[in-house]
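# Structure assessment
Listed below, chain by chain, are the residues.
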Amino acid sequence: MANTTRSSLKSGIKSLKNTGDVKRCELTLARNTQLLLMITLGLNCLTLVLELSGWLIAFIVISLLWQGSIYLKLIVQPNRLIKLLVSIVGLCLLALSAKQLGLLNSMVHLLVFSYLLKPLEIHSRKDFYIQVLLGVFVLVTSLVFIQSLYFMLLILVILMANFMLLMSVFIQAKKQTDLAKSVTLTLVQSIPLTLILFIGFPKIAPFWQMPSAKNAEVGLSDEVKVGDIANLALSNKLAFRVEFEQTPPNYQQMYWRTLVLEDFDGTKWYQENSNNHNNKYWRQQLKRKAADISVISGLSKLPTVSYQVIAEPSYQKWLFALSIMTEAESEQHKINKEVNFTLSSQKILNSVTSYQVTSALTNHINVVLSPTERARNLMITDSNNRALADEGERFRSLYPDDLTLVNAVLTRFNQQNYHYTLNPPRLKDNNLAEFYFETKAGFCEHYASSFTYLMRASGIPARMVLGYLGGEYNERGNYFSVYQRDAHAWSEVWIEGKGWLRIDPTAAVNPERVERGFSLSLQQEQSLLSNDFFSSFNTRLWFNQLRYMLDAVDYQWTKWVVGYSINDQINVIKGLYLFMTEHKQKLILMSILLMLLVVAFIVFRTKANKIKFSPEVLLLNQLVKLVASLSIVKTPSMTVDHFALQIIAIKPETEVAVFTFINTYKKIQYQSLSPEQKAEEISRLTYQFNHLKKSLR
Amino acid sequence: MSFQENIKQKIKTKFQYWLIKRVPTNKRQVLSRRNIFIFPSKFGFSYLFFVFLLFILGTNYQNNLIILISYLLGSVFITAMLQSFRNLSKLTISVEVNALRGFSGASLNIPIILDTNKARMAYQLFFQSTDYETTNRVEQNDFSSKQTCLIPISLEKRGVMLLPRLVLQSYYGLGLFRCWTSVDLNISVLVYPKPERPAQITIEQFLTANRNSASNELSNEVLTIKNGADEFNELVPYQRGESLAKVAWKQVARGQGWYTKSYDHLINNTPNWLSLNTLPNAPIEQQLRWLSYLIIELQKREQVFGLILNATTIEPEQGVVHSHVCLKEIALYG
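### A closer look at the sheet that holds strand E4 (residues 100-103) of chain B
All names here are of chain B. Judged by pairing direction, the sheet is mixed, and its three strands sit side by side in the order E4-E12-E9 without closing on themselves. A strand with exactly one partner marks an edge of an open sheet, and here the two such strands are E4 and strand E9 (159-162). Averaged over all pairs of adjacent strands, the angle between strand axes in this sheet comes to 30 degrees, irrespective of strand direction. Pairing geometry for E4 and strand E12 (residues 188-192), over four bridges, is parallel. Across the sheet, the residue bridging to Gly102 is Val191, located in E12.

### Structural notes on helix H14 (residues 432-439) of chain A
Residues and elements named next belong to chain A. For H14, the set of buried residues is Leu432, Ala433, Glu434, Phe435 and Tyr436. Turning to H14, the residues buried within the fold contact strand E4 (263-264), helix H12 (386-398), helix H13 (402-415), strand E15 (441-442) and helix H15 (444-457). Where H14 begins, the capping side chain belongs to Asn431, and its oxygen is found 2.9 Å from the backbone nitrogen of Ala433. Positioned one or two residues after H14, Lys440 has a phi angle of 55 degrees, which is positive.

### Digging into the packing of aromatic side chains
Tallied over the full model, the rule gives 44 aromatic pairs over all chains. Measuring from centroid to centroid gives 5.4 Å for Phe240 of chain A and Trp256 of chain A, while their planes differ by 80 degrees, and the two rings are edge-to-face. Here Trp256 of chain A lies in strand E3 (residues 255-261) and Phe240 of chain A lies in strand E2 (residues 238-244), a separation of 16 residues in the sequence. On the numbers, 5.9 Å between centres and 50 degrees between planes, the contact of Phe661 of chain A with Phe689 of chain A is tilted. Note that Phe661 of chain A is positioned in helix H24 (residues 655-670) and Phe689 of chain A in helix H25 (residues 675-696), a separation of 28 residues in sequence. Taken individually, Phe661 of chain A and Phe689 of chain A each receive the classification buried, so the pair is uniform in this respect. Ring pairs connect the aromatic residues Phe240, Phe244, Trp256, Tyr307, Phe320, Tyr468, Tyr473 and Phe480 of chain A, which therefore count as one cluster. Above the plane of the ring of Tyr71 of chain A lies Arg31 of chain A, whose end atom (NZ or CZ) is 4.3 Å from the centre. A cation sits over an aromatic face here: Arg178 of chain B above Trp180 of chain B, 4.3 Å from the ring centre.

### Side note on the sheet that holds strand E5 (residues 107-115) of chain B
Residue and element names in this part refer to chain B. Read from one edge of the open sheet, four strands run E1-E3-E5-E8, paired in antiparallel fashion. The sheet is open, and its two borders are formed by strand E1 (28-30) and strand E8 (147-154), each paired with just one other strand. Between one strand axis and the next, the sheet turns through 25 degrees on average, direction left out of account. Of the strand pairs in this sheet, strand E3 (residues 92-94) and E5 are connected by three bridges, and their pairing is antiparallel. Directly across from Ser94, in E5, lies its bridge partner Ile113.

### Quick look at the pairing of strand E11 (residues 177-183) of chain B
Residue and element names in this part refer to chain B. Among the seven residues in E11, seven count as buried, and that is most of the element. Burial along E11 is two-sided: Phe177, Cys179, Thr181 and Val183 and Arg178, Trp180 and Ser182, pointing in opposite directions, are all buried. Where strand E2 (residues 37-40) and E11 come together, four bridges link them in antiparallel fashion. When the sheet's bridge partners are listed, Ile38 is paired in E11 with Cys179. In this sheet, E11 lies alongside strand E10 (residues 166-170) in antiparallel orientation, the contact comprising five bridges. Bridge assignment links Ser170 to a residue of E11, and that residue is Cys179. The loop that links E10 with its antiparallel partner E11 comprises six residues; one of these, Gly173, has a positive phi angle of about 90 degrees.

### Brief notes about helix H3 (residues 64-88) of chain B
All names here are of chain B. Here H3 contains 25 residues, and its C-alpha end-to-end distance of 37 Å stays within 8% of the 36 Å for a straight helix at 1.5 Å per residue. Buried residues dominate H3, accounting for 20 of its 25 residues. Its side-chain oxygen at 3.0 Å from the backbone nitrogen of Leu65, Asn63 defines the N-terminal cap of H3. Among the residues trailing H3, Lys90 stands out with phi positive, at a value near 70 degrees.

Parameters at a glance
Residues numbered from 1 in each chain as written. Chains lettered and ligands numbered in written order. Predicted model: local features only at pLDDT ≥ 70, side-chain atom pairs only at ≥ 80, totals over all residues. Heavy atoms only, no water. Pairing = 2+ DSSP bridges. Helix = DSSP H or I, 4+ residues; strand = E, 2+ residues; numbered from the N terminus. Axes fitted to C-alpha atoms, helices over the stretch in contact; angles between N-to-C directions. Buried < 20%, exposed > 50% of the residue type's maximum accessible area, 1.4 Å probe, protein only. Contact = heavy atoms within 4.5 Å. Polar contact = N/O pair within 3.5 Å; in protein donor to acceptor, adjacent residues only side chain to side chain. Phe/Tyr/Trp six-rings, centres within 6.5 Å; stacked < 30°, edge-to-face > 60°. Lys NZ or Arg CZ within 6 Å of the ring centre and 35° of its normal. Expected span 1.5 Å × (residues − 1).

This is the structure in C-alpha cells:
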C-alpha cells in the first residue's frame, strides 16, 4: 500500500477538464424549454400591452415571430451584427419617445426591450436565469398599472407559466401537464407562508419617491363647461365605493361634494389659483388653505355619519365626501381639507386609495361670508349672457326676499317646458341664455350653471358645486358603488342665517334623478349613447344578480387585499389575539387532543412496523446477526441463497444445516400454505435454527 | 494573499475533518438529515435579491399586490428548499465491487448503485477533489428505481488509489438550492503501470530468448505442479446450474464474484521468466511499464510465465488470474 494516491485524481481530472468546459459553454435549451420561453415572453409582455407604445408592440411581435422561426428551424440564430443593429434601433426609438412617455413608462419600455433581446443571448445557465427573472419582473411591473382581482388571477396563471419554464430545465418531463402539476404543487405549498407574511409582516412606509404612472385623468375636472358632465355620464366606470358604519343616509342626501367652482368667465366655471391672480384680497383669502370647521355654527346639533371611501385611481387630487365633512384621514396619502369644506389628497391618486370620513349631514353650511368672498361669488361677466343678467334683475325686482326668489326660479324650471336629457341640442358659444330661453333642454350642469348665474345676477352670492349624486347599493357587500355616470352639478347660494344652502335645480326638472337615480328613459338614453356593451343598466334580473355578486367580490378584494393597510394589519392581529384569549380553553384542549393524536399515530406506526416482520423473517435476522461475527454481511440486495453460500464458504461443515434451514425458510416465505401447515413449518424452522446455531459454534 | 490562502486551507482541512466525523466511511450510505447538505445556489441568492427588489418596489408604490407577489416568491424559495431536500433524502448510494483495477493512463468506470423507490430529479455525480469544479461529472436525470451509474475516472499513478469522497448533487427545485452529499464509499482502485512497449525488444525476440535460456528443471517443476490433482489453472465465470462443488469459494468469500474452477488444461509451454534484470537499463518506473506490457502480451499469447521482482517470485503459470496477480505485484512494487 505504498502508493496510496488520493491526489493523483486531481491531475487526471485536469485532463478531462477541456471536454467538460466545452459542454457547459454552449447551453442548448430543450425544445420544450424553448417553446415555454416563447410562450412566457408573449404572455409577460401582454400584461403590459396597454402601457407600451406601438413601436415596442411591433418589436414584441417581430421578436416572437423571429424566435418562432428559429424554433421551427426555418432560420438560424442571428449573427452579431444583426443583434447590434436591432438593439441600436430599439434604443434610438426609446430615446426619442422617452420624453412623451414619462420616467416610469420609459423604464418599463427599457425593461421590456431588454427582456425581448435577452433570448438572443442565452449561452449559459446564468443567461437563462436572468431571462426568467426579467420575465417575472416584467410581469409584476404590470401590477403597478392594474390592480383588479381578475388581473391578479391572470398574473398568477402567467407566473405559473414562468415557473414552468424554470422547472423545465430540471425535469425532462415529456408532458407539459407534469410540469404544470409540479409547479402548481410548489405554489400551493407556498400559499400558507405567503398568507402569514401578508397578514403579519409589518407594512413599511415607502423608502423613496417613485416615478408615478402618467395616465389620463379620469372623472370630474376642475373646469366645467355645459356638456362636460353629460359626456361623463356616459361612462359606466367605477368612481369610488362607500361603506357606511351606521345606517346610510337617504338617496337625496348623498351629494358627494367634490369641487366648488366660484369663478365664471362667461363660458366655463373654474377655481382661480392664487398664482395667476392679481387681486391681493383674493390672494389673501386663497392663502388660507386649510378649512376651519369651527367657523360653522350649529354643527354640533347635526346628525353625523361615518363611512369609508375606497376611491379608484383618478390621477387627480380631489376626494369625495358628504356635506359637511368634519374629519377625514387616510394612511396612504395626506388629506387636505380645502377652504370650501371639500377634501383633496396631497398626491395624485394613482392607485386605489381608501380614507375614512365623518360628516355632519346637512344641506347648508352656516358660515359668515366675508366681503371679498361675497364679491367673488357675485361676479358675472354679462358679455355672453346679457339676457340672463337682465332676467336676474327682473326676478330681483319681483321678489325682494332671497329664498322666495330662489323658489320662483325653481318653479319656472319645474313648470315651464324644461327637459332633462343627456343629449341636449348644442349651444352657440356655450350661451346660457340660449338654453334658458330657447332650447330648454339640458343635463344637470346646464341647470346648475344657468341657475347660479341667475342668482348672481339677482344679487344672491352663488357658486357651482361638482360631485356625484347617489350610488348603487350592493346588498351582498353592504356598500354603495358610485360610477362616473353619477357625476352631478348643483348650486350653493348664500342665504342670510343659513349660510351656503344647497340648491339642486335638477330636482325641479327631474325629481326622479335626485330621488332614485336615472329614470327609465334616461337609462335608455344612456345605454344608447354609451357604446358600452355591458351597460350596467341591463334590466335582466339574473344579469344584475351576477353583476352584484362579482362586484361584491371585487369590493372585498379591493378593501382587504389592494387596500390592506397598517391599520387593517393591526386590527386583524388584534382580532386574532382576542379570538385566542376568548377561546383559550378550547384552543388548549384542541392542541392537547392534536398532540395525543400525533403520539397515538407514531405509536401505531412503530407497532405496525414491528408486526410487519413474520417469525421466519425474525429468525433469519437472528441468523444474520449471528454470522456477523464471522464477518459475513447480508446486504438487502443479497438473496438468501447467496447468503447461505457465503456462510458455507466460511464454515463448510455447516453446509447441511444451512441448506435445510434456508429451504424451510423459502418454503414458508414463498409457498402458499394453510395456517396449520405454516405453524408446523415455523416450529420446524425454529428447531432447525437452534441446530444451526449449535453447529455454527 | 498568502495569508488568505492559508486561512482558506485551514478552514478546508477543518471542514474535511468535520465531514469525516459527520459522514463516516461506509460502503452503503442512506441519505438523511445527517449527510445531506443544502445551501442556496448563486441563482438562489440572485433570486432572493430579486424578491427583495420586488418588495421594495411594492413598498415604494404602496402596492399590496406587488408585495403579495414578493411574499409568494419568497415562500416559493422556502418550498424549493424542502423540495430539493426531499429529492435527495432516503436515497441509497452504494458500491458493490471492491476490487477495481485498471491501467494507469486509462479511464475506468466506477459503478455506483443508486437505490430509490420514488422519482429523483436532475442529479449529478462526481468524485470530489481539491478543484472539483473541473471534475468530470455524470449528469443524469429523473430515475425512480434502482440503477447503476458509471462514473469515469482517469487513473494516473500506479499503486492503490483510494477514491476521494463521492459527491451527489442536485439543483432540482427551480435551481435555487444546491443540495448535495459527500460520502466516502471506501472505494479503492488498483492501478497497474501503464503498459509500454519496450523499444529495444519485440515480444517475439523476448520469447525465443527465454526459450533458449530456460532451465529444464524449472520447467519440469512447473509441469509437476500443473498435474497435481488439487490445482486448477483458471477461473471461469460461474453459470447457473453448475455444480456447487466446483465453485471457487475463496473468491466468493472475498467478494470477487462467482467462479468455477477449471482443471482440464494441461500446460506444456516453456515458462518465461520476467524480471527487471532481463530488461534493458532504465528508470524503475519505465521498467515496470515494460513489464506490464510484457505480462499482457504473454497472457494474450497464452504463454506460461513467472515473475521475479527483487524479493518476491511468482511461479510460472498461465491465465487471466495469474496475470492479474503479476500485475498487482508490479503495481505495488517499491
